[in-house]
Amino acid sequence: MLEKNQHYKSILSALLDAVLLFAGFLLANYLRFNYVRYFEPGGAGPALDVARDPRNILAGALTALLLVAAYWVAGIYSNARLRGLAARSTRIAVINAGGLLFFVFVLYLLHLDDYSRVVLGLFYLLGTGAVVAKRVIRRWVDRARRRKGLGLRHILLVGGGKSAALYLRALEHNPYYGFVVDAYLAPVEEPGFGVAYRGGYENLDRQLEGTAFDEVVVALEAEEIQLLPRVFAACDKHGTRITMVPFYGDYLPARPTIDVLDECKLINVRQTPFDNLLNAAVKRGLDIVGSLVLIVLTSPVMLAVAIGVKLSSPGPVIFKQERIGLNKKPFMMYKFRSMRVNASEGTGWSTDRDPRKTRFGSLIRKFSLDELPQFFNVLKGDMSLVGPRPEVPFHVEHFKEEIPRYLVRQQVRPGCTGWAQIHGLRGDTDIAERIRYDIWYIENWTVALDIKIIFRTVFGGKMINSEKIQ
């Protein structure tokens, strides 16, 4: 519910930003053609009623929507990813500047030179100022409300173990939700909690009678689960809302769902967004369209690389290697050959000074050009543009015994690039950390996240490897 409420707030914030940007666009046109015209060298031109010009209305609406979409992809509306007001304001200013530069570039390509640079400048100042001012005002209002104790939910925490500490730490990292733990109950006092201790669990009924708590958060440990019926009975008696922190939270995904089978409730522990048929269809559709476009765009590069591979050493141009894909099914992954044909890659990753690589192979591996044929794997359905990187069977058999939840990554198609890769986890790096990033991506997938990963891969220097050219 917290996430859903935050999502609704983010949508409202985005709509308000769109309205402010649209108003800023119209106001910039109005000021330019009704006031700034008096300062032009040739004298005042004719005044224009910009509010009735359909071209201005359409241009303003499209500009506002595109900028808000860029805000969303950049995480402006995500409290978890971008908390500080200064960070948000800076990113908004940068996105607006980039958006206007892109707008000018498109106009140049279309040979449309009848636009006003003054309007663009005014719109940048007015639009950026408006969306930043909205956030400043909201920050002032939130702080004023909290100083007066308004908009806060007062919590009684039931539990004093690991789950309770996890909940307190989560609230400390996310103060914008407005939850305040006033007290907690536990068998013994925990000095590190920093919250008022009100005794053992037997005091729950008395605490709910004497203090106006908005909610009880139950964070019992596994060995205390027998107390749960008594806690629920006390809360129901006083009409107090209940939220639970499950002691088995380490095994739950980021967004667990519950199915109801007759009177039996089932918690889906390993469900992913791709179990939804619409999400799966959307991702596969994007893979097909994206791979076709990328094959066409990179075909001249692939032709040049193929010629270079053929001339650099004898052997086939394409190197095929068995990898493990969706549902642990093996497939042959394509790459441009970067090693001598008599060299076996075996079961290990190549190193910086790997003697098996040719000089041309080192060059194409440094700029990830050897991986371009994987677009054909994407088109076939063996891979996706974005996802966990596929591993050879040896590594899968080895790591599934050592790394918890390792095979969770096999519930989705492997990708040409991924969340772990754009964070520097590629090649011979910490496998446990890489799996953590892969699972986070699987559990939190969105189309916007895929777009962000692709952009950071292409424009963020993530296609360039650190290895040296031999």
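In this text, all values refer to a predicted model and were calculated from it rather than measured experimentally.

### Focus on the UniProt feature "transmembrane region" (unreviewed entry) in the protein chain
Right, on to step 1. In this numbering, the UniProt entry assigns the feature "transmembrane region" (unreviewed entry) to residues 12-31, 57-80, 92-112, 118-137 and 288-309.
Right, on to step 2. The distance from the first to the last C-alpha atom of residues 12-31 is 28 Å, and the span holds 100% helix and 0% strand.
Right, on to step 3. In the segment residues 288-309, helix accounts for 100% and strand for 0%; the C-alpha atoms at its two ends are 27 Å apart.

### Re the nonpolar core
Right, on to step 1. Of all hydrophobic cores here, the largest spans 28 residues; its most connected members are Phe-336, Phe-375, Met-383, Trp-419, Tyr-441 and Ile-453.
Right, on to step 2. Elements supplying a minimum of two residues to this core: helix H8 (277-312), strand S9 (330-336), helix H10 (374-380), strand S10 (384-386), helix H12 (431-443) and helix H13 (447-459).
Right, on to step 3. With five residues, H8 is the single largest residue contributor to this core.
Right, on to step 4. Aside from chain neighbours lying at most four places away, what touches Phe-375 is Ser-291, Leu-294, Ile-295, Thr-298, Leu-385 and Cys-416.

### With respect to H8
Right, on to step 1. Spanning 36 residues, H8 covers only 46 Å between terminal C-alpha atoms, well under the ideal 52 Å at 1.5 Å per step.
Right, on to step 2. The sharpest bend along H8 comes to roughly 55°, located at Thr-298, with the proline Pro-300 sitting one to four residues further on.
Right, on to step 3. Buried residues of H8: Lys-283, Arg-284, Asp-287, Gly-290, Ser-291, Ile-295, Thr-298, Met-302, Val-305, Ala-306, Gly-308 and Val-309, and no others.
Right, on to step 4. On the buried face of H8, the contacting elements are S9, helix H9 (359-366), H10, S10, H12 and H13.
Right, on to step 5. At the N-terminal end of H8, a side-chain oxygen is found 2.8 Å from the backbone nitrogen of Leu-278, two or three residues along, and the residue is Asn-276.

### A closer look at a nonpolar patch on the surface
Right, on to step 1. Taken together, the side chains of Ile-225, Phe-247, Tyr-248, Tyr-251, Ile-258, Val-260, Ile-267 and Val-269 present a nonpolar region at the surface, about 740 Å² in accessible area.
Right, on to step 2. If you trace the backbone, Tyr-248 turns up in the loop between strand S5 (241-244) and strand S6 (257-261).

### Description of the side chain of Thr-128
Right, on to step 1. In this structure, Thr-128 sits in helix H4 (residues 117-147).
Right, on to step 2. A polar atom in the side chain of Thr-128 sits 2.7 Å from the backbone oxygen of Tyr-124.
Right, on to step 3. Residues within four places of Thr-128 in sequence aside, it is in contact with Ile-92, Ala-93, Asn-96 and Phe-123.

Rules of the game
Residues numbered from 1 in each chain as written. Predicted model: local features only at pLDDT ≥ 70, side-chain atom pairs only at ≥ 80, totals over all residues. Heavy atoms only, no water. UniProt positions renumbered as here; feature names shortened; annotations may be inferred. Helix = DSSP H or I, 4+ residues; strand = E, 2+ residues; numbered from the N terminus. Core = buried A, V, L, I, M, F, W, Y, C linked by side-chain atoms within 4.5 Å. Buried < 20%, exposed > 50% of the residue type's maximum accessible area, 1.4 Å probe, protein only. Contact = heavy atoms within 4.5 Å. Expected span 1.5 Å × (residues − 1). Bend = angle between axes of the 7 residues up to and from the residue. Polar contact = N/O pair within 3.5 Å; in protein donor to acceptor, adjacent residues only side chain to side chain. Patch = residues over 30% accessible without salt bridge, like charges linked within 9 Å, V, L, I, M, F, W, Y side chains within 5 Å. Areas by Shrake-Rupley, 256 points an atom, 1.4 Å probe, with all protein chains shown as cover. Salt bridge = Lys/Arg side-chain N within 4 Å of Asp/Glu carboxyl O.

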